Amino acid sequence: MPTSPDKSPRVTVEERLFSLVLALIATEIGLTKADILATVQGYRQRFTSGGDNANLERQFERDKDDIRELGIPLEMIEPADDPGNNHLLRYRIPKGLYNLPPDVSFSPDELMLLKLAATVWREGSLSAESRRALTKLNSLGVDSSDPVLGYAPSLRARDASFEPLSKAMDRGQVVAFLYLKPGEGSPRRRRVAPRAVVLHEGRWHLYGADQDAQATRTFLLSRIVGPVVAVPGDTFVPDGEGKGQRALDELDALWAANVAELEVEAGSDAAVRLSKREAHGPGAGTTVTLHYTDLDILADELAGYGPEVLVRSPLALRQAVRARLVGVRDAHIGTTLGSAT
Amino acid sequence: MIARPPALGASDKLTFLLSLIPYLMDHDSVTVAEAALHFEVSAERVRDAVRLIAVSGIPGETHQYLDGDLFDIHWDEFEENDRIVLTHLVAIDDSPRFSAREAAALIAGLQYLSSLPENADRDAVASLMAKLTRGASATPTQLAVASQDSDSAMAVIRAAGHDGVQVEFDYLNARGEHEHRFVDPLRLESIDTDWYLRGWCHLRRAPRTFRLDRMSELGVTSIQIEAHDAQLVLPDALFQASAEDLSVVIELPASALTLLADYSPDRATTSVGGDRVRTTLRVAHYHGLKRLVSGLAGLVTVVEPAEARQVVADWATAGVARYEATGEA
């Protein structure tokens, strides 16, 4: 049987958050913090009238953040006649901004694609975000169509800097990190306003405003060494729209400008796989022309093919691959580690 | 950037409550089982949510959460027939918007899937992404994934799956052997930029995994696929450890361990000074190992067995020789 909420001795976190959302949607003029603590389910049970409610106030601040993280527009209204008076601040959730716009609807086929898109993220916070987005999509009551063939796509963002960078981007937080540029002996500290994080040619890149160089730069996440830290007090207004696409366009231009000419051994793994990336369309010959974004990353990959690939040009790539192979050879000559030297 | 650990469970539960209500509004009467199936959650989770919704509401004018201020359900239907009928609504009557990160996760996922035949219609995908952007409460986080050209191999495999027929192709395995395969396509899987076909291999009479970029001469046959569903369960993991696998001890910087997560199931390491550690990899044969180690040049060194060191050294030596044969470095 239904029980009156008054009598429940302990209110769960979700019940408190749910009650707060309902109360703030239902109010037109907004509720003050005092109203909320004294009357809303989950707070009122712990509220001491006229006493010290500091703990409860901190609880409310955290709840506000959690609710906003879910995309719920929790607004603060300053009193017109007494701006800056925190006691008179009113909180509310405008229904028009809470509700999904009426023209946003999805067909069964679209829903099938979105469900598949949500399964792409298997790890990290984006997998939780995807799951919640799917729950919201399901609220629309549309049943998705079934794919013909099973798909199990997955995208990993294993770079340790991925999560802190993508979160800093949302908060408009300038960050600092050590960056090891290839060819430089030691990493250098960079201060960057992160604007986009993009996956290009299988690698995650950060696109942002380098605060010291006063210019836009692109960084490979795999070359960020050590933690990404917030620069205290250094923030910017996130105005990301279109930045991700701009970052990809710049990387595409770089990719198109870089050309490597390779010779591959006929019938080898290198021939089968690299010819699929042939710049002049799928080829079958022993010469392969490839575009690339980053010379060092391509050199790593090509070194893996050992004698199946010979780099013709450019010279820098040729030298980079040869140097890698020499390094691997020298490290493995002799039956035990270090026995050759 | 020390973030407070998110109250993940509560956020998920709140999202479910806010999403279940508009769904129930649109369905005058729905069973717990139907709702659970639709949201892909357990029946118990639906019941818990319904019980909470039914006693929740707003403080109201009296601040006492009186009956009229609360949601209500048809309790007899719920308790006797496991059926949900909302009889009174409070405050919300529509689906919530997506957060900036939720919309971004789906948009980036869609971009990643651009090589699927289903996504061949770029305009349809663009309109879908625009709808997600419009349905978000803030500009979606700028996470973007470069679009890949629609892969012709995937279109062929999907067509075969649609018609229920086998595919055939020349396959170069990791040992460097070419074989002609006939395969019942069952599932397409991917990890980052690598795509794999999982299917029943008629040559091996067993389920096998094939890299799409190692296939040549791929074609659709007119041979019907066999009925597998009952006896064939594809393992979840793409890479299967086998009793015949060889153990190889390698040394590498601790920070590079994530690069090898697929080969090192236990991830047990011993420190050898500085930031360098040793760990044991499981590999099917040394052909794959020599490619792996050479492609991580300067990071990974094989410690033992000696035979594995020799295979890697020979591979790199042969590679270097090609440059010496052509003269200048």
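Predicted model, so just to flag it, every value in this text is computed and none were measured.

Caption draft 1: Representation of the overall build of chain B. When helices and strands are counted, chain B shows nine helices and 14 strands. The long-range share in chain B, meaning contacts at least 24 apart out of those at least 6 apart in sequence, stands at 56%.

Caption draft 2: Structural context of the overall build of chain A. Along its length, chain A carries eleven helices and twelve strands. For chain A, whose C-alpha radius of gyration is 28 Å, the value lies well above the compact-globule estimate of 20 Å for 341 residues. Structurally, chain A occupies a C-alpha span of about 80 × 50 × 45 Å along its principal axes. By the burial criterion, 40% of the 341 residues in chain A qualify as buried.

Caption draft 3: Main features of the interface of chain A and chain B. Of the residues lining the interface, 111 residues belong to chain A; the matching set on chain B comes to 109 residues. Considering every element that reaches the side of chain A that touches chain B, the biggest residue donor is helix 1 (residues 13-26) of chain A, with eleven residues. Its residues assigned to classes, the side of chain A that touches chain B shows 59 nonpolar, 26 polar and 26 charged. The pairing of strand 4 (residues 150-152) of chain A with strand 7 (residues 178-191) of chain B spans three bridges and is classified as parallel. Residue A:A152 lies in a different strand from strand 7 of chain B, and its bridge partner there is B:E189.

Caption draft 4: Broad picture of the sheet that holds strand 10 (residues 259-264) of chain A. Residue and element names in this part refer to chain A. In space, the three strands of this open sheet follow the order 11-10-12, with antiparallel pairing throughout. What marks the edges here is a single partner per strand, and that holds for strand 11 (287-291) and strand 12 (309-313). Strand-to-strand twist across the sheet, computed as the mean angle between neighbouring axes with direction ignored, equals 35 degrees. Relative to strand 12, strand 10 runs antiparallel, the two sharing four bridges. Within the sheet, the bridge partner assigned to L262 lies in strand 12 and is V311. In the packing of helix 11 (residues 315-332) onto the sheet, the strands contacted are strand 10 and strand 12, and the crossing angle to strand 12 comes to about 150 degrees.

Caption draft 5: Representation of the nonpolar core in the model. By size, the foremost hydrophobic cluster in this structure holds 118 residues, and its most contacted members are A:A117, A:V197, A:V198, A:L262, B:L106 and B:V312. Those residues in contact with A:V198 that lie beyond four places of it in its chain are A:H205, A:Y207, A:G244, A:A247, A:L248, B:A144, B:V145 and B:A146. Counting 47 residues, the second largest nonpolar core, distinct from the first, contains A:I25, B:I58, B:Y65 and B:A91.

Caption draft 6: Structural view of the pairing of strand 6 (residues 188-200) of chain A. Judged by how many residues are buried, strand 6 of chain A sits mostly within the fold: ten of 13 residues are covered. Pairing between strand 5 (residues 173-179) of chain A and strand 6 of chain A: five bridges, direction antiparallel. Pairing of A:F177 across the sheet is with A:R190, part of strand 6 of chain A. Pairing analysis gives eight bridges linking strand 6 of chain A to strand 7 (residues 203-210) of chain A, with the strands arranged antiparallel. Following the sheet pairing, A:P194 is matched in strand 7 of chain A by A:G208. The pairing of strand 6 of chain A with strand 5 (residues 143-145) of chain B spans three bridges and is parallel. For A:L199, the partnering residue across the bridge sits in strand 5 of chain B and is B:V145.

Caption draft 7: Representation of the packing of helix 1 of chain A against helix 3 (residues 54-69) of chain A within the structure. All names here are of chain A. Direction vectors running N to C along helix 1 and helix 3 enclose 75 degrees, while the axes themselves pass 11 Å from each other. Relative to helix 3, helix 1 is oriented roughly perpendicular. Contact with helix 1, carried on its side by R16, L17, L20 and V21, involves D63, D66 and I67 of helix 3 and no other residues of that element. Tallied by class, residues from the contact of helix 1 with helix 3 come to four nonpolar, no polar and three charged.

Caption draft 8: Just the sheet that holds strand 3 (residues 90-92) of chain A, in detail. Pairing is antiparallel across the open sheet formed by three strands, whose spatial order is 1-3-2 (chain A). Every other strand in the sheet has two partners, leaving strand 1 (31-32) and strand 2 (75-77) of chain A as the edge strands with one partner each.

Caption draft 9: Quick peek at the packing of helix 10 (residues 295-304) of chain A against helix 11 of chain A. Residues and elements named next belong to chain A. Interhelical geometry of helix 10 versus helix 11 gives an angle of 50 degrees and a closest axis separation of 9 Å. As summarised for this structure, helix 10 and helix 11 are arranged oblique, according to the angle between their axes. Every pair of crossing elements has a handedness; the one defined by helix 10 and helix 11 is right-handed. Facing helix 10, whose interface residues are L295, D296, L298, A299, D300, L302 and A303, helix 11 presents A316, L317, A320, V321, R324 and L325. In the contact of helix 10 with helix 11, the residues fall into ten nonpolar, no polar and three charged.

Caption draft 10: Layout of the pairing of strand 9 (residues 206-211) of chain B. All names here are of chain B. Examined bridge by bridge, strand 8 (residues 194-201) and strand 9 share six bridges and lie antiparallel to one another. Pairing of R198 across the sheet is with T209, part of strand 9. The turn joining strand 8 and strand 9, which pair antiparallel and follow one another in sequence, is formed by four residues; a positive phi near 55 degrees is taken by R205.

Caption draft 11: How the structure looks around unusual backbone geometry. Put simply, A:S313 and A:P314 share a cis peptide bond, and its omega is 0 degrees. With respect to the helices, strands and loops of the structure, A:P314 is situated in the loop between strand 12 and helix 11. Here the residue pair B:E304 and B:P305 is connected by a cis peptide bond, since its omega of 5 degrees sits within 30 degrees of zero. Among the structural elements, B:P305 can be located in the loop between strand 14 (301-304) and helix 9 (306-325). Phi angles above zero are rare outside glycine, and B:A91 is one such case at about 65 degrees. If you trace the backbone, B:A91 turns up in the loop between strand 4 (86-88) and helix 5 (100-112). Judged by C-beta crowding, with 20 C-beta atoms within 10 Å, B:A91 ranks as buried.

Caption draft 12: Focus on the confidence of the model for chain A. Here chain A averages 88 in pLDDT, and 93% of its residues register 70 or above. The weakest mean pLDDT in chain A belongs to strand 4 of chain A at 84; the strongest belongs to helix 1 of chain A at 96.

Caption draft 13: Looking closely at helix 8 (residues 286-295) of chain B. For helix 8 of chain B, a buried count of eight out of ten residues is recorded, marking the element as mostly surrounded by other parts of the structure. Among all positions in helix 8 of chain B, only B:Y286, B:L289, B:K290, B:R291, B:L292, B:V293, B:S294 and B:G295 are buried.

Caption draft 14: How the structure looks around helix 6 (residues 122-134) of chain B. Residues and elements named next belong to chain B. In this model helix 6 runs 18 Å from its N-terminal to its C-terminal C-alpha over 13 residues, within 8% of the 18 Å that 1.5 Å per residue would give. Along helix 6, the residues classified as buried are V125, L128 and L132. Down the axis of helix 6, the buried side of the element spans an arc of 60 degrees, and every buried residue falls inside it. Residues of helix 6 that are exposed and point more than 90 degrees away from the buried face comprise D123, A126, S127 and A130.

Caption draft 15: Quick look at the confidence of the model for chain B. All names here are of chain B. This prediction gives chain B a mean pLDDT of 86; 89% of its residues lie at or above 70. Throughout residues 1-7 the model reports pLDDT below 50, and contacts reaching past four residues in sequence, or to other chains, amount to ten contacts. Among the prediction metrics, the complex's ipTM stands at 0.87, with pTM recorded as 0.85.

Rules used in this analysis
- Each chain has its residues counted from 1, following the order in which its sequence is written.
- Starting at A for chains and at 1 for ligands, labels are handed out in the order in which the entities are written.
- Owing to the predicted nature of the model, reporting of local features is limited to residues with pLDDT of at least 70; listing and counting of side-chain atom pairs is limited to 80 or more, with chain, interface and lining totals taken over all residues.
- Think of it this way: any DSSP run of H or I at least four residues long counts as a helix, any run of E at least two long counts as a strand, and we number them from the N terminus.
- For the purpose of contact definition, each residue receives a C-beta atom placed from its backbone, and two residues are in contact when these atoms lie within 7 Å.
- As a reference, a globule follows 2.2 Å times the number of residues to the power 0.38, and the radius of gyration itself is taken over C-alpha atoms.
- Field definition: a residue is buried when 20 or more other C-beta atoms are found within 10 Å of its C-beta, exposed when 12 or fewer are, and partly exposed for counts in between, with C-beta atoms placed from the backbone.
- Residue type decides the class: Asp, Glu, Lys and Arg count as charged, Ala, Val, Leu, Ile, Met, Phe, Trp, Tyr, Cys and Pro as nonpolar, and the leftover types, Gly among them, as polar.
- Between any two strands, at least two bridges found by DSSP are needed for them to pair.
- Angles run from 0 to 180 degrees between N-to-C directions of axes, and those axes are lines fitted to C-alpha atoms, restricted for helices to the stretch in contact.
- Take the buried Ala, Val, Leu, Ile, Met, Phe, Trp, Tyr and Cys residues, join any whose C-beta atoms are within 7 Å, and the set you get is a nonpolar core.
- Reported orientations rely on four angle classes, namely roughly parallel under 35 degrees, roughly antiparallel over 145, roughly perpendicular from 65 to 115, and oblique for the rest.
- Whether a crossing is left-handed or right-handed is set by the direction in which the near helix is turned from the far one by less than a right angle, anticlockwise for left-handed and clockwise for right-handed.
- The pLDDT score gives, residue by residue, the confidence of the prediction method on a 0 to 100 scale.
- Multiply 1.5 Å by the residue count of a helix minus one, and that product is the helix's expected span.
- What the arc describes is the spread of directions from the helix axis to the C-beta atoms.

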